[in-house]
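Summary of structural features
Take a look at the letters that make up each chain.
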Amino acid sequence: TVWFWILFALSVLFLIVLITRIREGQLMQEQLRLENMVQIKTEDLKHEKDNSDRLLKNILPDPIAQRLKDNMERTIADRFENVSVLFADIVNFTELADSVSAEEIVESLNVLFSLFDERAKNSGIEKIKTIGDAYMAVCGLPEPDSAYAVKIVNFAKGMYKDLQEYNKTAKHPMDIRIGINCGSVIAGVIGKSKFIYDLWGDTVNVASRMESLCPKGEILVTENIKLACKNQIDFEPVQEVEVKGKGLMKAYVVTK
């Protein structure tokens, strides 16, 4: 009958609409699932990028890290005219390292140097690296700083405060000595893997010599540092020291 065919047509139409709606719902669910996956992957990639950036900035000064990210193939090298360079070294470290376990000595260095790192971060000082039991830091790069000499000397004084706090609870108390010089340096990134931001020049060499000639518990600086401090830091009377490759040089002990 006519009604049969009308009902049949309506039923078929209803089934088509129902199947279409079900299919649309399934497609929508699949789209949402894919969008969620993309969002999760995007967040994961952002998290990994943030981790990579943080690690890179832990190795390099922020401006240098950005330059390296912008152009991985470019040689990064700069000359800075007014930079203060500090070397600190633990006295009799070799004997200490021979008398305790590897875990103890590494843990001790990590605790002490972490205190230095925190102070450097808060003092406008750029840590360059550690070399065994030696700690190297600078002021005046990668951004110029007119107070580069005063800041590095005050940082050195603060290192002794950190050492004093460390020794209060340390199982193996330590002593340090610090040498400082200032002048022009060349700085740049060396290597493609396990790269490092490092400094070169006579200024760096003389700072290292000051550290090796420094008495235990003191801060030995060159005349360049004394002049650059402009009477803002007190020094002990001048003394002359024999510097390898330089001969006799005037050196000063910082009054603490």
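Residues numbered from 1 in each chain as written. Predicted model: local features only at pLDDT ≥ 70, side-chain atom pairs only at ≥ 80, totals over all residues. Heavy atoms only, no water.

1. Points about the overall build of the chain
Where we set the bar: In DSSP terms, a helix is any run of H or I states spanning at least four residues, a strand is any run of E spanning at least two, and both are numbered starting from the N terminus. The globule rule used here is 2.2 Å times the number of residues to the 0.38 power, and the radius of gyration it is set against is calculated over C-alpha atoms. Three labels apply to residues, based on accessible area from a 1.4 Å probe with only protein chains included: buried if under 20% of the type maximum, exposed if over 50%, partly exposed otherwise in between. What makes two residues a contact is simply this: any of their non-hydrogen atoms within 4.5 Å. Per-residue and other accessible areas were derived by the Shrake-Rupley procedure at a 1.4 Å probe size, with only the shown protein chains allowed to occlude residues. A positive count includes Lys and Arg, and a negative count includes Asp and Glu. His and the chain ends are not counted in either. Taken as the charge location is NZ of Lys, CZ of Arg, CG of Asp or CD of Glu.
The helix and strand inventory of the chain stands at seven helices and eight strands. Since a compact globule built from 256 residues should have a radius of gyration of about 18 Å, the 31 Å found for the chain marks it as more spread out than a globular shape. Structurally, the chain occupies a C-alpha span of about 125 × 40 × 30 Å along its principal axes. Counting all 256 residues of the chain, 38% fall into the buried class. In the chain, 66% of the contacts between residues at least 6 apart in sequence involve partners at least 24 apart. Put simply, the chain shows about 15900 Å² of open surface, and 55% of that area lies on carbon and sulfur atoms. Both charge centroids of the chain, one from 32 positive and one from 37 negative side chains, sit 3 Å from each other.

2. Re the packing of helix α4 (residues 102–123) against helix α5 (residues 148–169)
Stated precisely, the cut-off is as follows: Between N-to-C directions, angles span 0 to 180 degrees; the directions come from axes that are lines fitted to C-alpha atoms, helices contributing only their stretch in contact. Whether a crossing is left-handed or right-handed is set by the direction in which the near helix is turned from the far one by less than a right angle, anticlockwise for left-handed and clockwise for right-handed. The nonpolar class holds Ala, Val, Leu, Ile, Met, Phe, Trp, Tyr, Cys and Pro. Asp, Glu, Lys and Arg form the charged class, and all remaining residues, Gly among them, are polar.
Remark: α4 packs on α5, axes separated minimally by 10 Å, with the N-to-C direction vectors making an angle of 145°. Like other packed secondary-structure pairs, α4 and α5 cross with a definite hand, here right-handed. Residues S108, V111, L112, L115, F116, R119, A120 and S123 of α4 pack against K151, F155, G158, M159, K161, D162, L163 and Y166 of α5. Its residues placed into classes, the contact of α4 with α5 shows nine nonpolar, three polar and four charged.

3. Quick notes on the packing of aromatic side chains
Basically, it comes down to this: A pair of Phe, Tyr and Trp rings is counted when the ring centres sit within 6.5 Å of each other, with Trp represented by its six-membered ring. The angle between the planes then sorts it: under 30 degrees is stacked, over 60 is edge-to-face, the rest tilted.
Applying the stated criterion across every chain, the model contains four aromatic pairs. Considering the side-chain rings of F235 and Y252, the 6.1 Å spacing of their centres and the 65° angle between planes classify their relative orientation as edge-to-face. With F235 in the loop between α7 (223–229) and β7 (239–243) and Y252 in strand β8 (residues 247–253), the pair connects residues that are 17 residues apart, well separated along the chain. Y252 sits in the buried class, given a relative accessible area of 7%.

4. Description of the pattern of salt bridges
Selection criterion: The term salt bridge refers to a pairing of a side-chain nitrogen on Lys or Arg with a carboxyl oxygen on Asp or Glu at a separation within 4 Å.
Going through the model one piece at a time under the given rule, you end up with 11 salt bridges. Notably, a salt bridge pairs R119 with D162, separated by 2.8 Å at the nearest N-O pair. In this pair, R119 sits in helix α4 while D162 sits in helix α5, placing the two residues 43 residues apart along the sequence. Between D202 and K246 there is a salt bridge, and its shortest N-O distance comes to 3.1 Å.

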